[in-house]
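Here are the chains, one letter per residue:
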Amino acid sequence: MSTAATSYYDRRGLFATLGRDGLLQIILIANTIIMLAPIVIMVFSAFKTTPEIFKAPFAIPDFTQVANFVKIWNETNFLRYLVNSFVVTGSSMVLILTLGTMAAYAIGRYAFTGANFILMFFLAGLTLPLKLAIIPLFMLMRDLSILNNQLSLIFVYTAMGLPTTVFIMTGFIRSLPNELEDAARMDGASEARIMWSIMLPLVRPAMVIAGIQNVVPIWNDFFFPLVFIQNDDLKTLPQGLTTFMGEYTTDWGVLFSGLTLSAAPIILIYIVLSKQFIAGMTSGAVK
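This text gives an overview of the structure that appears in the document. (Residues numbered from 1 in each chain as written. Predicted model: local features only at pLDDT ≥ 70, side-chain atom pairs only at ≥ 80, totals over all residues. Heavy atoms only, no water.)

### A look at the side chain of glutamine 150
Thinking step 1. If you trace the backbone, glutamine 150 turns up in helix α7 (residues 150-174).
Thinking step 2. Taking relative accessible area as the criterion, glutamine 150 reaches 15% and is therefore assigned buried.
Thinking step 3. Only 3.1 Å separates the side chain of glutamine 150 from the side chain of asparagine 84, close enough to count as a polar contact.
Thinking step 4. Apart from the residues within four sequence positions on either side, glutamine 150 is in contact with Asn84, Val87, Val88, Ile229 and Leu234. (Helix = DSSP H or I, 4+ residues; strand = E, 2+ residues; numbered from the N terminus. Buried < 20%, exposed > 50% of the residue type's maximum accessible area, 1.4 Å probe, protein only. Polar contact = N/O pair within 3.5 Å; in protein donor to acceptor, adjacent residues only side chain to side chain. Contact = heavy atoms within 4.5 Å.)

### Observations regarding the packing of aromatic side chains
Thinking step 1. Taken as a whole and assessed by the stated rule, the structure comprises 10 aromatic pairs.
Thinking step 2. By the ring-pair criterion, three or more aromatic residues cluster together here, those being Phe44, Phe47, Phe63 and Phe69. (Phe/Tyr/Trp six-rings, centres within 6.5 Å; stacked < 30°, edge-to-face > 60°.)

### Notes on helix α9 (residues 191-202)
Thinking step 1. Here α9 is 12 residues long and its end C-alpha atoms lie 16 Å apart, about the 16 Å a rise of 1.5 Å per residue gives.
Thinking step 2. All of the buried residues along α9 are Ile194, Met195, Met199 and Leu200. All buried residues of α9 lie within an arc of 135° about the axis, which places them on one face of the element.
Thinking step 3. Buried-residue contacts for α9 involve α4 (78-109), α8 (178-186) and α10 (204-220). (Expected span 1.5 Å × (residues − 1). Arc of directions from axis to C-beta.)

Written out as C-alpha cells, the structure is:
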C-alpha cells in the first residue's frame, strides 16, 4: 500500500475516533444538564416568592433574599424534622453496614454448607419490594407496639437495605487474597481482629458504595413514615415538608427552600465520599 493511501486511512480513522469522542462528550454534557437542571431550579426557587417563581422560574434570583429560609426556620418544625431524619437514617445505616458486612464476611470468607443458599436468600430480598407487604408490616409493628415510633422505620429500612449491602460486600470480600488472612493467623490474630483490622479497611470503597446506595432512598422515603408515623414531632423531612402545602394555597418559595435544605446533607455526603465511591466503582469493574 502506498504512503498516500496509508496516510488517507490514518486520517480517516482519526476523524472517526474524534467523531465518536465528540458524540460521547455531547451525550455526557446533555445528561449533566438534564441531571443538574432540576437542582438548579430548586435552588433558584428557594430565593424567590411564589409570584416570582411562576413569573420567571428560570431567572437568576437575588441570593440576598433569605426570607424563605428565615420563615422555614422560625415558623415551622423543620429543625425537628431534620433531626428525626438524621436519627432514623443514621441508625438504619449503622445497622445495615454492621449486619450486612458481618453477613457478607461470613459468606465470602468461610466455606460452609448452605453459604450459597444464604446468599441467594439475601438476594431474594432484591426482588421483593417491602411496599407490597405494607399491611402485614403494619400489623407486625402494631403487635410489637412500635407504631408511631421511629423504631418501626429503622427496622423496616434495615431489612430493606441488607440485601443490597450483602450483595455488594460479598463480591468485594471474596476478591481479597487469602494470603492476608493466613499471615494474620500465623501472627496469632483472632478471627474478629482479622475481620476488623485487616479485611474491612480494604473493602472501605465497597462500604461507601453500599452506604450511598441505601442512604439516599432512606433519606428521601415518604411512604413508610406516612404509614407508621402520625405524631408531628416524629415526622421525617419528606413527610414533614407536606405540611407546607395547603389544600388551596401553597407557599412554593418556602417549600423549595425546605427541599434545598433537605437535599444539602446528601449532596455534601456524596461530595465528601465521591473519591471513595468512584474508586469502589472502578475497583468493582476491574474485579
